[in-house]
Amino acid sequence: MHSMLQVYELVLLVSAVGLTISTLEFWAIVPTFSPAGVHSGTITRLRFRAPRSSRLDSLMDRLFSEQAVRALLILRLMALGLALLAPLGSALFSAAMTLLVLNILAFNVRRLLGDDGSDQMTAIVLITVWLCVGPHSTAFIQLIGLWFIALQACLSYASAGIAKLISPEWRSGRAIFGIFNTTTYGHEWAAKFLRERPGLQKFLAWQVIVVESLFPLCLVLPEPWGWAFLGWGALFHLQCAAIMGLNSFFWAFTATYPAIVYVSATVG
Amino acid sequence: MNAIIAVVLAAWFVVSILSQFSFKWFERVRHRDVFGLLPLWTFFAPNPGQSDYHLVCRDKLADGRLSQWREVELNEPRKWYSLLWNPEKRGKKVLVDAVQVLAELVTTSGAQKSALMLSTPYLLALNVVSHLEREQGATHRQFAIVETFGFTPSSEMEVLLVSGFHALPREGVGNALHASSL
C-alpha cells in the first residue's frame, strides 16, 4: 500500500491536470469578465454593499476588473506549479498551497454564477490537501484528510444517485434522452440514436441510478468490487466529457479515487 | 492545530450532507456562501434540464419601430475536442444558472416584475444585452429568455421572460445601465 503522502501526491497531480485545463479555459474566455460579459464585475459586485469611500469603490472596481481576473489566473498557475515542484509537506509546499487556496476562494467570490460540481470538488480536494499536508501535519490528520476526500466523493455520487432515484423522469429513462436532446449538454447523433430506443434509455438511466446510489459501498467491499465502482466512475465521467462536454468532471472526480482506494484498504 | 483541522473537516462534511436536502432554512446559509464551499451534488436531478435557454434582444427606435429579435450567442456547437477542452461551457452555464434563479423567483415566490428587475440574474442579462451593438437610432432595448426543447423538439418554444424596454445610454456617454422601462 502506498504511503499517505504518496496518495496525496496522486490526488494533487490528477487535480492539478484538471485545474490547469480549467484555468486555461477561463483564460480563453477572459473577455466575459469584462463589464459587458456574463461574468461582469459590475454585476458581481452588486452582491456586496457599496463602499462609502470613493477610494474603496475604486479599489473594488480594480479587484473586479478583467485585468484582475487575468492576474488571478496567472497567479493560480504559478502557485500550482510551485506546489507541484516543492517537496510534498514542506514549508514551501504549504506556502504554495496557501496561495493556491486563497486564489481559488478569491476567484469563487469573483464569479456569481456558472460554477459546477467539478469546481466544487476541486476546491474541496485542494483545501483538504492544504489543511492536511504540511510541516504541521501528523499521520492522524493526513488520514482524516484522505477520509474526508473519500467521503465527499461518496456523498457526491450517492446524492446524485438518490436524487435520480426519486425522479420519475429518471426512473422512466426519459431524462437520458431529454438531456442528450439539448445543445447545451447533448449531441444530435446521441439524441437520434436514443430517440426510438426507450429500453436503452431506461437501462442507461438505471445503471447510473444504481451505481451512483451504491457507490459508498466501494469503501467497504473487497477487491475487485471496489475497483469496479472506480472503473465505472472513470468511464462514466469520460462519457460525460465526450457527449456532454463536461470535461472538467473527469479530472475533479478521479482525483478523489486514490483517497478512496487508500481508505478502502484501511477499512479492509 | 490538528484537532482544529479535524473538527473543521468533520463540520464541513456534516454541512455538506445538509446541503443536499432542500431545507428552506439552509437556503439562508447557502446565500451567504460567497466562497462556494457548500457543495450541491444533485446533478441533473431530481429535475433534469431537458431544454436549452436562449437570450434574445431587440431594439426600439426613436420613431417607435421595433427591430428584429436577435440571439446573444452563448450556445456554440461543441467541437470534437470538447471532451478535453471546452471553455464555451462556462458561458452557457451562467445563463442556465441565471434562468433557473429567475424561474424560481417567478414561480415559487411569485415575484412581481419590479422585484425581478432588481434581481442579479435579470441585471446580468440586461447588462450583457445592453453592451451589444445597437440598431441605428435605437433608444431602448428589450430582452427575452426563450426555452427550446431539443434537436427534434416535441414542444413549441416557450418564452420564459420578456423584459420591459430599457433605455440605452446615449452613444458616447458610457455604459451605465438605465433601468427605466416603458
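The model shown is predicted, which means the values in this text are computed figures rather than measured ones.

J.: I keep staring at the interface of chain A and chain B and nothing clicks. Help me out?
T.: A common way to express how large an interface is: the accessible area buried when the components associate. Each partner contributes residues to the interface: chain A has 81 residues there, and chain B has 57 residues. Carbon and sulfur atoms supply 68% of the area that chain A and chain B bury against each other, a total of about 6000 Å² over both sides. At the junction of chain A and chain B, the tally comes to two salt bridges. The interface formed by chain A and chain B includes 26 residue pairs in polar contact (both at pLDDT 80 or more). Per-element accounting of the side of chain A that touches chain B gives the leading share, 13 residues, to helix H7 (residues 139-165) of chain A. Here the side of chain A that touches chain B is composed, by residue class, of 43 nonpolar, 27 polar and 11 charged.

J.: Whenever I open this one, a nonpolar patch on the surface confuses me. Can you help?
T.: Residues and elements named next belong to chain A. On the surface, Ile-162, Leu-165, Ile-166, Trp-206, Val-210, Leu-214, Leu-217, Val-220 and Val-267 cluster together to form a nonpolar patch covering roughly 740 Å² of accessible area. Listing elements by their share of the nonpolar patch, those giving two or more residues are H7 and helix H11 (198-214). Mapping Ile-166 onto the fold places it in the loop between H7 and helix H8 (168-172).

J.: Even after reading the chapter, I still don't get the domain arrangement of chain A, so can you show me in this structure?
T.: All names here are of chain A. What the domain assignment reports for chain A is domain 1 (1-137) and domain 2 (138-268). A C-alpha centroid distance of 25 Å is found between domain 1 and domain 2. Contacts between the two partners involve 26 residues from domain 1 and, on the opposite side, 26 residues from domain 2. Carbon and sulfur atoms make up 77% of the area that domain 1 and domain 2 hide from each other, which totals about 2200 Å². Remark: the boundary between domain 1 and domain 2 carries zero salt bridges. Across the domain 1-domain 2 interface, the total number found is five residue pairs in polar contact (both at pLDDT 80 or more).

J.: What is the right way to look at the environment of B:Asn127 in this model?
T.: Structurally, B:Asn127 can be placed in helix H5 (residues 120-130). For B:Asn127, a relative accessible area of 2% translates into the label buried. Sequence-wise, B:Asn127 and B:Phe143 are 16 residues apart; in three dimensions their C-alpha atoms are separated by 10 Å. Of the polar contacts made by the side chain of B:Asn127, one reaches the backbone oxygen of A:Pro35; its length is 2.6 Å.

Each value, and the rule that gives it
Residues numbered from 1 in each chain as written. Chains lettered and ligands numbered in written order. Predicted model: local features only at pLDDT ≥ 70, side-chain atom pairs only at ≥ 80, totals over all residues. Heavy atoms only, no water. Contact = heavy atoms within 4.5 Å. Buried area = accessible area lost by both parts, 1.4 Å probe. Salt bridge = Lys/Arg side-chain N within 4 Å of Asp/Glu carboxyl O. Polar contact = N/O pair within 3.5 Å; in protein donor to acceptor, adjacent residues only side chain to side chain. Helix = DSSP H or I, 4+ residues; strand = E, 2+ residues; numbered from the N terminus. Nonpolar A, V, L, I, M, F, W, Y, C, P; charged D, E, K, R; others polar. Patch = residues over 30% accessible without salt bridge, like charges linked within 9 Å, V, L, I, M, F, W, Y side chains within 5 Å. Areas by Shrake-Rupley, 256 points an atom, 1.4 Å probe, with all protein chains shown as cover. Domains from an automatic or database assignment. Buried < 20%, exposed > 50% of the residue type's maximum accessible area, 1.4 Å probe, protein only.

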